[in-house]
Amino acid sequence: MNKNISFKYFTGLNEVATLIRKKVFIDEQCYIVDIDDEDKTATHFIEYYKNTPVGTCRIIKKDNNSIKIGRFAILEEYRNKNLGKELLDEVEKYAKENNYKKIYLDAQFDKRGFYFKSGYKVLSDKLFLDENYPHIHLYKDLWINRYRLIHNLMNQNYVSWLHQKYVRHVVI
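Cut-off values and rules
- Residues numbered from 1 in each chain as written.
- Predicted model: local features only at pLDDT ≥ 70, side-chain atom pairs only at ≥ 80, totals over all residues.
- Heavy atoms only, no water.
- Helix = DSSP H or I, 4+ residues; strand = E, 2+ residues; numbered from the N terminus.
- Contact = heavy atoms within 4.5 Å.
- Polar contact = N/O pair within 3.5 Å; in protein donor to acceptor, adjacent residues only side chain to side chain.
- 1 Å grid on protein atoms, 1.4 Å probe; cavity = no way out; pocket = protein on both sides within 12 Å on 5 of 7 lines; lining within 4 Å.
- Points joined across faces, edges and corners; volume = space filled by probe spheres on them.
- Nonpolar A, V, L, I, M, F, W, Y, C, P; charged D, E, K, R; others polar.

### Observations regarding the environment of Glu28
Right, on to step 1. Counting through the fold element by element, Glu28 comes out in helix H1 (residues 15–28).
Right, on to step 2. Sequence separation between Glu28 and Glu76 is 48 residues; the distance between their C-alpha atoms is 8.7 Å.
Right, on to step 3. Discounting chain neighbours no more than four positions away, the residues touching Glu28 are Lys23, Glu76 and Arg79.
Right, on to step 4. Polar contacts involving the side chain of Glu28 include one to the side chain of Arg79, which spans 2.7 Å.

In structure tokens form, the structure reads like this:
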């Protein structure tokens, strides 16, 4: 992680997250409504770059095993600097630390590639409109990724063991 990046998260919407969301969703994308009742109980993340708030999102607990990411926003002047990826990684880290197995989100259709690069998959190929923006349902299974990580580590350890046992003793 970039040493200039830090995060804060909390329950309930605050002024900083509200300001970022207003700039992105209301001013830039012309949404009419951005704040809803779920904001009161959601966990909100704020990303800081060099102590300046640059991004936000919220997570809503769907059930004991899953969460839904929403209102994911990075200020326009800070996009294409890997800050969105850092925020998404922080949310996934939080989810894993709290033993959630799946993450869901509704991505703006033209932003889906960003999520695909982080391993999200299409849940339903039916598009829907949210404030006249086409969206698509995506998900990521965190436990499968943990299994793959453990499997890869085991394979690396096995290869390392083979190398130590057999290869390093070969004299040419």
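After that view, the rundown keeps rolling.
### Some remarks on the layout of surface pockets
Right, on to step 1. In this structure, the largest pocket spans a volume of roughly 810 Å³.
Right, on to step 2. What lines the largest pocket is a set of 36 residues, and nearest its centre among them are Phe72, Ala73, Gln108, Lys111 and Tyr115.
Right, on to step 3. Of all the elements in the fold, those that place two or more residues in the lining of the largest pocket are H1, strand S3 (52–63), strand S4 (66–74), helix H2 (83–97), strand S5 (102–108), helix H3 (112–116) and strand S6 (121–130).
Right, on to step 4. Looking at the lining of the largest pocket, the element that brings in the most residues is S4, giving seven residues.
Right, on to step 5. Class assignment for the residues of the lining of the largest pocket results in 16 nonpolar, seven polar and 13 charged.

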